[in-house]
Amino acid sequence: MPLLTLITFTPLVAALLVALIPRGASRAHGQAAFALSLVPFALSLLMLANFDAANTGFQMVEQASWIPEFGVSYRVGVDGISLFLVLLTTFLVPIVLLAGIGDVHKNTKEYNILMLLMQTGMIGALVATDLLLFYVFWEVMLIPMYFLVGVWGGERRIYAAVKLLLYTMVGSLLMLVAVLYLVWMHQQATGELTFDLARLYEVAAPLGTQRWLFAAFALAFAIKVPMFPLHTWLPDAHTEAPTGGSVILAGVLLKMGTYGFLRFAIPLFPQAAMEAMPIIAGLATVGIVYGALVCMIQPDMKRLIAYSSVSHLGFVMLGMAALNVEGVQGSLYQMLGHGLSTGALFLAVGVIYERRHTRLIAEFGGLWKQMPIYGGIFMVVMLSSVGLPGLNGFVGEFLILLGAFDTYPIAAVIAVSGVVLAAVYLLWMYQRVMLGPLDNPKNENLQDLSAREISVFAPLVVMMFVMGLYPQPFLSRMEPTVEAYLANLQAKLAVVRAVDGTSEAGDAFIEAATQAQGAPAARD
Amino acid sequence: MTEVDVSWSALLPLLLLSSTSVLVLLADLFLRGPSRAPLAWLGLVGLAATAASAISLWDVETTTLVGSFIVDRYGLFFVVLFCGATAVTLLMSMSFLEQTEIRTGDYYSLVLFSSVGMLLMAMAADLLVVFIGLEIMSVAAYALAGMQRSRSQSTEAALKYFLMGAFASGFLLFGIALLYGATGSTNLLTIAAVIEGKSVADDVLLAGGLGLLLVGFGFKIAAVPFHLWTPDVYEGSPTSVTAFMAVGVKAAAFAAFARIFLDVFGEPTPAWQGLLWVLAVLTMTVGNVTAVVQSNVKRMLAYSSIAHAGYLLVGVVVGGDAGGSALLFYIAAYAVMTLGAFAVLVAAGKADEPAETLDDLAGLGFRHPLLGLAMAVFMLSLAGIPPLVGFVGKLYLFSAAVNEGFIWLTVIGVLNSVVSVYYYAGVIVRMYMTAAPVDAVALPRRPAVALALVLTVVATIAAGVVPSALLQLAQASFTGLG
């Protein structure tokens with residue numbers, strides 16, 4: 001069974017089905033979309049069951065010719081790095097759609113169609129093992145998000161949507177040039193025109209070229225993560241996006257940046273990546289502290305959570321930059337954990353925004369008295385984001401710090417302050433919103449969570465405990481892949497060092513290639 | 001006098017198309033009632049026959065009329081493209097003329113006459129035939145630009161277009177004269193044989209002739225700095241005519257331009273390539289940056305068409321089989337999505353007030369979901385978002401450029417694409433993210449332009465998702481050249 005293809009494209013089919021429902025039936029769109037989105041979720045559980053942890057290569061691989069003229073194929077596969085990110089996506093989308101049944105009031109048809117289209121883009125980008133196929137899915141997931149922010153967003157939605165679009169496009173188009181150059185180099189060396197990732201991994205570019213190509217890839221992914229100082233689009237997009245858009249943006253889209261580093265930028269250009277890692281670790285650390293400090297002064301809850309994402313994603317990048325098993329595993333684990341806890345935080349803010357149409361912390365206070373169930377859930381969610389032991393956030397951050405201490409001890413020490421600050425800004429926000437006297441009369445009639453809303457949060461809260469208390473099933477499926485990944489990386493670097501002892505190893509490669517073609521390397 | 005050889009079968013597309021034009025002109029006299037739509041249907045039948053005859057010649061390679069007229073895949077590719085573009089133009093014209101006071105049947109025959117000129121330009125093997133084709137195409141287009149006589153902008157457009165066009169023709173003709181002086185012939189094949197092995201730079205006549213030719217074609221393809229007429233003319237002309245000019249006239253000029261510069265003059269000298277490099281960069285940059293500030297969609301699309309001419313010039317700079325076939329693919333892609341964008345404007349017009357500005361599109365996305373969706377598809381495709389045909393076109397062009405070592409040209413090209421995303425997204429913003437005006441009325445049903453939209457939307461998506469067939473076609477058509 002072409003499992004990965006089914007998981008990727010069932011949301012697209014679902015979107016087409018939702019398109020058939022007439023516009024008038026506003027709740028039906030959400031209900032149908034939710035029901036249909038359970039199909040890819042069920043299929044992804046099947047994928048999990050079929051996953052062989054010991055196999056460190058791509059699994060459930062499918063391949064078909066797509067654009068042979070360009071050497072582009074439809075190639076998909078999943079490994080220990082992408083496995084849980086796919087699951088995170090198929091898990092979060094039904095939750096968001098369920099939440100949307102009550103939260104989205106206008107143009108429900110288009111909203112649900114776009115969500116499902118975006119799911120196809122996200123899963124496709126995660127399972128693609130052909131660079132051009134990846135690029136196509138990467139853009140396909142961007143456009144629906146642009147619409148979600150621009151149509152269903154808040155007051156400054158157009159500004160935020162256009163900013164999101166332009167920031168991402170600058171990065172991704174330069175990455176496309178780098179992809180084309182890489183493919184050309186591979187063709188010069190082997191005579192084979194292909195965008196197949198496995199083949200392109202074999203290209204050993206000279207260091208000077210690697211630096212340029214890595215920079216182009218890194219820019220695209222660093223914008224998406226977003227890494228300090230390229231993060232300014234994120235608070236705008238998050239603040240203006242509708243709740244569902246924020247959840248998916250924080251939960252999955254940002255992970256595409258970190259995933260891109262792991263899957264593409266680092267292994268394709270290992271030498272340049274090794275050079276850049278200290279810079280990335282430094283920027284990640286700045287992002288951790290800066291994001292946390294900015295959180296402290298935010299009056300708007302959504303903006304606060306947006307900046308907390310900058311801080312948390314800093315941890316992900318720091319763990320990755322350590323390039324050891326703990327660091328990378330922690331980084332992967334934190335991607336999942338952040339997806340759950342920040343997604344849930346946005347949903348929690350969405351609940352009171354839906355009731356009061358404001359997200360300003362100052363407007364609230366003492367909500368616990370009125371909404372005890374909500375208060376309890378919000379507390380668990382908040383603590384999971386803080387990184388309380390026993391919840392998901394702790395495991396990832398712990399592993400990241402463990403890994404980072406090994407490679408970048410100073411950065412790790414500074415990053416620890418990010419954990420402390422996270423406790424400060426989140427607990428403080430919680431205190432101001434939920435505890436104390438209920439002194440704003442507008443809050444006196446707030447309804448507690450409905451059954452539907454509880455069922456939105458329930459799976460998230462359960463998973464937070466599972467991932468916090470019993471990380472083994474997750475880590476054991478990542479570990480062999482991560483170990484093999486790092487070993488491959490070391491082997492590549494060792495080969496380069498062995499060839500001539502300097503970092504100019506690839507020059508021979510490109511010279512031979514250029515001579516074979518008889519073409520100048522650059523005419524302009 | 002040499003005996004004039006005539007191969008009627010090779011001339012079949014030309015004969016079919018020109019007799020259709022004449023037939024439409026005559027049929028107008030016998031048509032009763034106010035509607036001129038039957039003329040358009042007659043034209044469509046003629047175009048279908050022309051395209052079919054061109055396809056039947058696919059495996060033929062020959063010249064006729066003393067070597068002045070050539071049948072090859074390159075020319076036939078363009079003939080089929082012109083037939084398609086003209087057919088879509090006729091369809092949208094049927095819906096557009098209802099919104100204006102244009103009631104005369106000669107509109108349709110002028111469109112068809114213009115397409116005869118395009119066909120001649122694509123199949124010409126002699127510089128004078130190129131010139132005659134260009135004039136037939138242009139004179140008809142001047143008249144079409146001024147058809148909306150109640151609008152002063154339309155008259156202004158016609159006059160401006162005519163004056164600038166006359167200048168361009170002058171440059172072109174002077175260039176042809178110099179080339180004749182340098183080589184002793186106006187026949188492209190003879191010229192190619194004479195200059196074989198010669199360096200263009202050494203021969204003043206040759207270099208001067210080529211330079212003047214470049215200026216002449218530069219006007220027609222609206223390359224910067226010869227583009228200044230474009231925005232006014234595109235804005236002032238009736239929308240359906242603007243679409244025809246943006247696609248047909250530009251493609252025809254590129255057809256002759258690329259045949260002369262990529263085939264006849266072969267491998268370019270570095271200086272010549274450098275000149276084209278600058279022209280390409282200027283054209284795409286000026287086009288894109290200026291498009292950003294436009295509030296009139298027709299004017300914005302005019303600047304966008306300048307920008308796309310810049311991308312197309314990348315194909316000329318790169319040259320070779322890769323650059324040439326990428327150029328052909330991109331022209332086809334550009335034609336489909338640009339025609340579609342203008343067709344949406346036609347469909348979005350009120351009964352007596354054609355849609356032109358961004359405000360006319362406000363809220364369209366949710367008031368008329370299918371129309372909005374079509375426009376969104378065209379805008380995203382023009383911006384180069386996958387998996388639409390515009391993306392494949394840019395990918396093809398830029399990968400050809402990277403393969404030939406034009407890294408900086410490619411980087412400038414993609415940065416230009418980012419700029420273009422801004423204004424194409426601006427249309428989407430208006431359609432989906434701003435409210436409809438309070439006095440918005442439902443648009444009347446317009447089956448003809450709806451058909452045009454279905455065709456262009458399907459082509460934009462299909463050729464983007466499964467581009468192999470069109471890629472092979474473009475490759476086969478260009479590799480057949482020379």
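Residues numbered from 1 in each chain as written. Chains lettered and ligands numbered in written order. Predicted model: local features only at pLDDT ≥ 70, side-chain atom pairs only at ≥ 80, totals over all residues.

As for the overall build of chain A
Check the secondary structure of chain A and you find 20 helices and two strands. When the backbone C-alpha atoms are referred to their principal axes, chain A occupies close to 80 × 55 × 45 Å. When each of the 524 residues of chain A is scored for burial, the buried share is 58%. Across chain A, every contact between residues at least 6 apart in sequence was considered, and the portion connecting residues at least 24 apart equals 79%. (Helix = DSSP H or I, 4+ residues; strand = E, 2+ residues; numbered from the N terminus. Buried ≥ 20, exposed ≤ 12 C-beta atoms within 10 Å, placed from the backbone. Contact = placed C-beta atoms within 7 Å.)

What about the overall build of chain B?
Of regular secondary structure, chain B possesses 19 helices and two strands. Over its C-alpha trace chain B gives a radius of gyration of 21 Å, about what one expects of a compact globule, namely 23 Å for 482 residues. Taking the principal axes of its C-alpha atoms as reference, chain B extends roughly 70 × 55 × 40 Å. Split into buried and exposed, the 482 residues of chain B put 62% on the buried side. (Rg over C-alpha atoms; globule rule 2.2 N^0.38 Å.)

Quick word on the interface of chain B and chain A
Contacts between the two partners involve 31 residues from chain B and, on the opposite side, 32 residues from chain A. At the level of elements, α16 (389-403), α17 (407-433) and α19 (468-479) of chain B are the ones that each hand at least two residues to the side of chain B that touches chain A. Sort the elements by how many residues they give to the side of chain B that touches chain A and α17(B) lands first, with 14 residues.

As for the pairing of strand β1 (residues 59-67) of chain A
All names here are of chain A. Where β1 lies against strand β2 (residues 72-78), six bridges are found, and the strand directions are antiparallel. When the bridges of β2 are listed, Ser 65 appears paired with Ser 73. Between β1 and β2, which pair antiparallel one after the other, the connecting turn spans four residues, and Gly 71 there sits at a positive phi close to 70 degrees. (Pairing = 2+ DSSP bridges.)

Focus: the packing of helix α6 (residues 157-190) of chain A against α16(B)
Relative orientation of the contacting elements α6(A) and α16(B) amounts to 50 degrees, with a least axis distance of 9 Å. By the criterion of interaxial angle, the relationship of α6(A) to α16(B) is oblique. Where α6(A) crosses over α16(B), the two elements pack in a sense that is right-handed. Residues Val177(A), Leu180(A), Tyr181(A) and Trp184(A) of α6(A) pack against Phe398(B), Ser399(B), Val402(B) and Asn403(B) of α16(B). Along the lines of polarity and charge, the residues of the contact of α6(A) with α16(B) split into six nonpolar, two polar and no charged. (Axes fitted to C-alpha atoms, helices over the stretch in contact; angles between N-to-C directions. Parallel < 35°, antiparallel > 145°, perpendicular 65-115°, else oblique. Left-handed = near helix turned anticlockwise from the far one by under 90°. Nonpolar A, V, L, I, M, F, W, Y, C, P; charged D, E, K, R; others polar.)

Looking at the confidence of the model for chain B
Predicted confidence across chain B gives a mean pLDDT of 91, with 99% of residues reaching 70 or more. With a pTM of 0.92, the predicted complex shows an ipTM of 0.92. (pLDDT = per-residue confidence, 0-100.)

Structural notes on helix α6 (residues 152-183) of chain B
Taking 1.5 Å as the rise per residue, α6(B) with 32 residues should run 46 Å; its terminal C-alpha atoms sit 46 Å apart, in good agreement. Phi for Gly184(B), located one or two positions after α6(B), is positive at around 80 degrees. (Expected span 1.5 Å × (residues − 1).)

Regarding the environment of Met147(B)
Residues and elements named next belong to chain B. Counting through the fold element by element, Met 147 comes out in the loop between α5 (127-145) and α6. Here Met 147 falls in the buried class, since 23 other C-beta atoms lie within 10 Å of it. Sequence-wise, Met 147 and Ala 158 are 11 residues apart; in three dimensions their C-alpha atoms are separated by 8.4 Å. Leave out the neighbours within four places in its chain, and Met 147 touches Ile 102, Tyr 107, Ser 154, Pro 238 and Val 241.

Details of the environment of Asp72(B)
Residues and elements named next belong to chain B. By the element assignment, Asp 72 lies in the loop between β2 (69-71) and α3 (73-97). By C-beta crowding, Asp 72 is classed as buried, having 22 other C-beta atoms within 10 Å. Remark: the alpha-carbon pair of Asp 72 and Lys 350, spanning 278 residues in sequence, is separated by 44 Å.

With respect to unusual backbone geometry
Cis geometry is found at the peptide bond from Val224(B) to Pro225(B), where omega equals 10 degrees. Position of Pro225(B) relative to the elements: it lies in the loop between α8 (204-221) and α9 (230-236). Residue Pro387(B) is bonded to the preceding Pro386(B) through a cis peptide linkage, with omega at -5 degrees. In the Ramachandran plot, Met60(A) falls in the positive-phi region, its phi being about 50 degrees despite a non-glycine side chain. One can find Met60(A) in strand β1. Unusually for a residue other than glycine, Leu65(B) sits at a positive phi of about 55 degrees. Checked against the element boundaries, Leu65(B) lands in the loop between β1 (62-64) and β2. Assessed through the 16 C-beta atoms surrounding it within 10 Å, Leu65(B) is described here as partly exposed.

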